[in-house]
Amino acid sequence: MTDTNTPTYRPQTELVRGGLARSAFAETSEALYMTSGYVYETAEAAEAAFKGKDPRYIYSRYGNPTVGMFEERLRLLEGAEACRATSSGMAAVFASLMCQLKAGDRVVASRALFGSCHYIVTEILPRYGVVTTLVDGTDLDQWRDALKPGAKAVFLETPSNPTLEIIDLPAVCDLAHEADATVVVDNVFASPLLQKPLELGADVVVYSATKHIDGQGRCLGGAILASEAFVKDNLVPFMRHTGPSLSPFNAWLLLKGLETLDLRVTRHCQNAFDVASHLETRNGIIRTLYPTLASHPQRALVEKQMSDGGSVVSFELDGGKDRAFRFLNALKLIDISNNLGDSKSLITHPATTTHQRLSQEDRDHLGIGDGLVRLHVGLEDAEDVKDDLTRALAA
Ligand SMILES: *Cc1c(COP(=O)(O)O)cnc(C)c1O
């Protein structure tokens, strides 16, 4: 349980110490409580706990001390009223939507979504009578049209994967709130450090903690941050009874990940900008996409809502799939992997991996051509990453 008398600290301090709840052993580092259940002194104590009269741990599907420390640390960083951790990013996305929707409701979502998020809003929700409207996230007229009364929730991702398009968060949140819709933002690409959706008007923020929060490619995890009321009335009942809970072990890894998040994300951004600037000067590349490049089509909006560009750089090679595959296969340092947020640089060909399920028409519409590659720039020396890219481009 957190001590409400502690002063408030700056974000980097909260990342190291926020949520720390020491046991009677006075350990320095956060304890790992590998337990599924808890015991009661008396039958009366068990009864009181189940009646909700004694706020304590009852069962790890509902809550666990290590998971609780992770939730509290992330909550302090995000500046949210409440946080619940989940077993993966997709569990967070699904729970954040499912806990508030019912048959007959309508969801408005941006078209450029992470593949599994796209599947949830276009395939799973409609099976339960939820209607989905997809819009081009950068087109406010489409949002305005779709956000007529009756829209219950908005789901969007900015910057988008893999083309790094930016959605105007304050503008979309205003339109959504006029229609009484709840705005859920998937903030994975920005990480909790570079963009603050709640301050920009969103109601719910979701993360795949698998990405930058773990940051070392070790485990899956996720989180949902929102108001106390949303968490208490919608999320907790849904999660308690459906069980997308985070394991204490993974929570412990993610807690330790948060301690170095600021250091790592700062370096990811420096390296990514360096690499993106380098790619812009190379022959054989049609376009390089990175939020803080002067050439980004929405540079002004980036400036308004993000404090830096993140770890992902996407670029389009001249020559389509053959050229892209030859390039990927010639890399020696950068690994071919569809993951991101890792300390290692990872690269993927979205058209044949993360976005292969989309129709050709949808991929064309989203600008995911056969020559497009998505690079997550890791924590290696940026010069080595650039050398690897230059060598492979010449292959
Ligand atoms: C990875 C990712 C997810 C899903 O997270 P998992 O932890 O893999 O379940 C959702 N949204 C975005 C933007 C992601 O990058």
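Everything numeric here is computed off the predicted structure, so don't read it as measured data.

(A) Focus on the pattern of salt bridges. In this structure the tally under the stated criterion is 17 salt bridges. Between R218 and D214 there is a salt bridge, with the nearest N and O atoms lying 2.7 Å from each other. With a relative accessible area of 39%, R218 lands in the partly exposed category. A relative accessible area of 0% places D214 in the buried class. Overlapping salt bridges bring together E30, R73, K256 and E259 as one network.

(B) Local environment of the pairing of strand β5 (residues 182-186). With five of five residues buried, β5 is to be regarded as a mostly interior element. Burial of the side chains of β5 extends over both faces: T182, V184 and D186 are buried on one face and V183 and V185 on the other. Two elements, strand β4 (residues 151-157) and β5, share five bridges in a ladder whose sense is parallel. Opposite E157, over in β5, you have D186 as the bridge partner. Where the polypeptide runs from β4 across helix α7 (residues 169-178) and back to β5, its parallel neighbour, the crossover connection is right-handed. Relative to strand β6 (residues 204-208), β5 is paired through three bridges, and the arrangement is parallel. Following the sheet pairing, V184 is matched in β6 by V204.

(C) How the structure looks around the site of the ligand. The environment of the ligand is made up of S88, G89, M90, F114, E157, D186, V188, F189, S208, T210, K211 and G221. The contact in question runs from an oxygen atom of the ligand to an N or O atom on the backbone of G89, over 2.8 Å. Separating an oxygen atom of the ligand from a side-chain N or O atom of S208 is a distance of 2.7 Å. Out of a free accessible area of 380 Å², the ligand has 92% covered by protein chains. Looking at the shell around the ligand residue by residue, the class counts come to four nonpolar, five polar and three charged.

(D) Representation of the nonpolar core in the model. Residues F70, L74, F315, F327, I347 and L389 are the most contacted members of the largest nonpolar core, which totals 55 residues. Sorting elements by how many residues they give to this core places helix α11 (residues 261-280) first, with seven residues. When residues of this core are sorted by domain, at least three fall in each of domain 1 (11-259) and domain 2 (261-394). Setting aside chain neighbours within four positions, we find L74 in contact with C83, P192, Y207, I213, A223, L225 and L258.

Reading the values: the criteria
- Residues numbered from 1 in each chain as written.
- Predicted model: local features only at pLDDT ≥ 70, side-chain atom pairs only at ≥ 80, totals over all residues.
- Heavy atoms only, no water.
- Salt bridge = Lys/Arg side-chain N within 4 Å of Asp/Glu carboxyl O.
- Buried < 20%, exposed > 50% of the residue type's maximum accessible area, 1.4 Å probe, protein only.
- Helix = DSSP H or I, 4+ residues; strand = E, 2+ residues; numbered from the N terminus.
- Pairing = 2+ DSSP bridges.
- Right-handed = clockwise from strand over helix to strand, strands pointing away.
- Near = heavy atom within 4 Å.
- Polar contact = N/O pair within 3.5 Å; in protein donor to acceptor, adjacent residues only side chain to side chain.
- Areas by Shrake-Rupley, 256 points an atom, 1.4 Å probe, with all protein chains shown as cover.
- Nonpolar A, V, L, I, M, F, W, Y, C, P; charged D, E, K, R; others polar.
- Core = buried A, V, L, I, M, F, W, Y, C linked by side-chain atoms within 4.5 Å.
- Domains from an automatic or database assignment.
- Contact = heavy atoms within 4.5 Å.

The analysis is restricted to geometry; functional conclusions fall outside its scope.
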